[in-house]
Amino acid sequence: MSEDVLSVIPTDPLWQPERSAGERLAAVLAELAFGLPSEADVEIDITWHDVVTAVDCGANLERIGCPLCGDSIDAGWWEDLLESHADDGFATLAVDAPCCGGATSLDALLYDWPCGFARFEAAVWNPERTWFGDEELALLGSLLGHPVKQVRAHI
Ligand SMILES: [Zn+2]
């Protein structure tokens, strides 16, 4: 069975919230994503990663663009990269783009749909909505203590 996961992550891949801020975020996410309060089966996972971890959009990924030369980056390259860092995360996001060889950051590549890297993730499983709006993201960011962005995965 396929699932949809809408994740909220800090815009800075290294940044982590306090535990209380992460839990506050999860409570408000439940309200936004499912229209709580209710006894609905809400599944929200909040995770503090020790290392920088990829937050991938799964089957929603249509294209990765290079910010340096504008070429498309091969999806196989991205899949291999995710696989090889699945267990131990990313010690650095610095990378030589496979298209033009230029030095860039994995976080700077142009992912469509969005992907990200994070040491904190709040994942809403099968939300009753597609995306959070700009104002909601601003609210979530202020609760967390850092600006956030969203990644929607189909897995
Ligand atoms: Zn390039």
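Located above this text is the structure these notes cover.
Since this is a predicted model, take the numbers as computed values, not measurements. (Residues numbered from 1 in each chain as written. Predicted model: local features only at pLDDT ≥ 70, side-chain atom pairs only at ≥ 80, totals over all residues. Heavy atoms only, no water.)

Novice: Tell me what's going on with the side chain of Glu121, and back it up with residues and numbers.
Specialist: On the secondary structure map, Glu121 appears in strand S7 (residues 116–125). Within the buried core, Glu121 has no salt-bridge partner, and the shortest N-O distance to an opposite charge, that of Lys149, equals 12 Å. Within polar-contact distance, the side chain of Glu121 engages the side chain of Ser7 at 2.8 Å. Those residues in contact with Glu121 that lie beyond four places of it in its chain are Ser7, Val8, Ile9, Asp45, Ile46, Thr47, His49 and Val55. (Helix = DSSP H or I, 4+ residues; strand = E, 2+ residues; numbered from the N terminus. Buried < 20%, exposed > 50% of the residue type's maximum accessible area, 1.4 Å probe, protein only. Lys, Arg positive; Asp, Glu negative; His and termini not counted. Salt bridge = Lys/Arg side-chain N within 4 Å of Asp/Glu carboxyl O. Polar contact = N/O pair within 3.5 Å; in protein donor to acceptor, adjacent residues only side chain to side chain. Contact = heavy atoms within 4.5 Å.)

Novice: Please provide a residue-by-residue account of the coordination of the zinc ion, values included.
Specialist: Within the protein, the atoms that donate to the zinc ion are Cys66 (SG), Cys69 (SG), Cys99 (SG) and Cys100 (SG), at distances of 2.3 to 2.4 Å. Around the zinc ion, the four donor atoms are arranged such that angles at the metal cover 100 to 120 degrees; this shape is classified as tetrahedral. For the zinc ion, all donor residues lie on one chain, and their spacing in sequence is C-x2-C-x29-C-C. You can call Cys69 partly exposed: its relative accessible area is 38%. (Donors = N, O, S within 2.8 Å, 3.2 Å for Na, K, Ca; no water. Tetrahedral: all angles 85-135°; square planar, octahedral: opposite > 155°, others 65-115°.)

Novice: Which residues make up the packing of aromatic side chains, and what are the values?
Specialist: One pass over the full model with this rule turns up five aromatic pairs. Considering the side-chain rings of Phe90 and Phe117, the 5.2 Å spacing of their centres and the 85 degrees angle between planes classify their relative orientation as edge-to-face. Placement of the pair is Phe90 in the loop between helix H2 (75–84) and strand S4 (94–96) and Phe117 in strand S7, with a sequence separation of 27 residues. Across the pair, Phe117 and Phe90 agree in class, each one buried. Both rings, one in Trp113 and one in Trp131, keep their centres 5.7 Å apart while their planes meet at 50 degrees; by these two values the pair is tilted. One end of the pair, Trp113, is in the loop between strand S6 (110–112) and S7; the other, Trp131, is in the loop between S7 and helix H3 (134–144), and 18 residues separate them in sequence. (Phe/Tyr/Trp six-rings, centres within 6.5 Å; stacked < 30°, edge-to-face > 60°.)

Novice: Mind laying out the environment of Pro98, listing which residues take part and the relevant values?
Specialist: The residue Pro98 is located in the loop between S4 and strand S5 (103–105) in this model. Between the alpha carbons of Pro98 and Asp71 there is a distance of 9.8 Å; along the sequence they are 27 residues apart. Setting aside chain neighbours within four positions, we find Pro98 in contact with Ile73 and Trp77.

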